[in-house]
Amino acid sequence: MAYGIINHFPDGTQEQYENVVKVVHPDEGASLPEGQTFHIAGATDDGGWVVIALWDEKASWERFRDETLMPGLESVSGGFSGPPEHTGYEVRRQRSA
């Protein structure tokens, strides 16, 4: 079953996001990680940054989180100041225009 995540970085910026995605996504951010099928990101009304992604299954997200994202967040100079506030959910319906 598809799995969705919402990662909110309360004090995050576009510059920090771009620094991190170059490290944690293939091709310096040009491609999606294995298992990720959808990715959007942007500034929030409260002055932070949010990343919303869909994964083919929860296991793909957990593997990316544990093996790539969290180590990448710790290693990137100029990246986010800490881990995100995370919400995960099983996708019951997915549609697009």
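Since we're looking at a predicted model, the values are computed, not measured.

Draft legend 1. Geometry of the pattern of salt bridges. Summed over the entire model, instances satisfying the criterion amount to 3 salt bridges. Of the charged contacts in the structure, one is a salt bridge between Lys 58 and Glu 62, with a shortest N-O distance of 4.0 Å. Here Lys 58 pairs with Glu 62, and both are found in helix H2 (residues 58-75), just 4 residues apart, close to one helical turn. Overall, the relative accessible area of 29% leaves Glu 62 in the partly exposed class. Linking Arg 65 and Asp 66 is a salt bridge whose minimum nitrogen-to-oxygen distance equals 2.8 Å. Classification of Arg 65 by relative accessible area gives partly exposed; the value is 26%. Here Asp 66 falls in the partly exposed class, since its relative accessible area comes to 47%.

Draft legend 2. How the structure looks around the pairing of strand S1 (residues 3-9). In terms of burial, S1 is a largely internal element, 6 of the 7 residues being buried. As defined by bridge partners, S1 adjoins strand S4 (residues 85-90) across 6 bridges and the pair is classed as antiparallel. Paired with Tyr 3 across the two strands is Glu 90, which belongs to S4.

Draft legend 3. Just the side chain of Gln 16, in detail. Mapped onto the elements of the fold, Gln 16 is located in helix H1 (residues 14-24). Here Gln 16 is in contact with Asp 11, Gly 78, Gly 79, Phe 80 and Ser 81, once residues within four sequence places are set aside.

Draft legend 4. View of the nonpolar core. Core analysis: the largest hydrophobic core is formed by 17 residues, its most contacted members being Trp 61 and Phe 80. For this core, the secondary structure elements donating two or more residues are S1, H1, strand S3 (49-55) and H2. Apart from residues lying up to four places away in sequence, Trp 61 is in contact with Tyr 3, Ile 5, Asn 7, Trp 55, Leu 69 and His 86.

Draft legend 5. Seen up close, the pairing of strand S2 (residues 36-43). Across 7 bridges, the pairing between S2 and S3 is antiparallel. Bridge pairing in S3 places Ile 40 opposite Ile 52. Counting the residues in the hairpin turn of S2 and S3 gives 5 residues, including Gly 47, whose phi is positive at 90°.

Draft legend 6. Region of interest: the environment of Ile 52. Of note, Ile 52 is situated in strand S3. The sequence separation of Ile 52 and His 39 amounts to 13 residues, and the corresponding C-alpha distance is 5.8 Å. If we skip the residues at most four places from it in the chain, Ile 52 touches Ile 5, Ile 6, Phe 38, His 39, Ile 40 and Tyr 89.

Draft legend 7. The arrangement of the packing of aromatic side chains in detail. A complete count under the given rule lists 5 aromatic pairs for this structure. Between Tyr 17 and Trp 49, the aromatic rings sit 5.4 Å apart at their centres with planes inclined by 35°, giving tilted as the arrangement. Here the residue Tyr 17 occupies a position in helix H1, and Trp 49 occupies one in strand S3, the gap between them amounting to 32 residues. There is no split in this pair, since Tyr 17 and Trp 49 are both buried. Between Trp 55 and Trp 61, the aromatic rings sit 5.9 Å apart at their centres with planes inclined by 55°, giving tilted as the arrangement. Of the residues examined, Trp 61 reaches a relative accessible area of 3% and is grouped as buried. An aromatic cluster of at least three residues, connected via ring pairs, comprises Trp 55, Trp 61 and Phe 64.

Here is what the cut-offs are and how they apply
Residues numbered from 1 in each chain as written. Predicted model: local features only at pLDDT ≥ 70, side-chain atom pairs only at ≥ 80, totals over all residues. Heavy atoms only, no water. Salt bridge = Lys/Arg side-chain N within 4 Å of Asp/Glu carboxyl O. Helix = DSSP H or I, 4+ residues; strand = E, 2+ residues; numbered from the N terminus. Buried < 20%, exposed > 50% of the residue type's maximum accessible area, 1.4 Å probe, protein only. Pairing = 2+ DSSP bridges. Contact = heavy atoms within 4.5 Å. Core = buried A, V, L, I, M, F, W, Y, C linked by side-chain atoms within 4.5 Å. Phe/Tyr/Trp six-rings, centres within 6.5 Å; stacked < 30°, edge-to-face > 60°.

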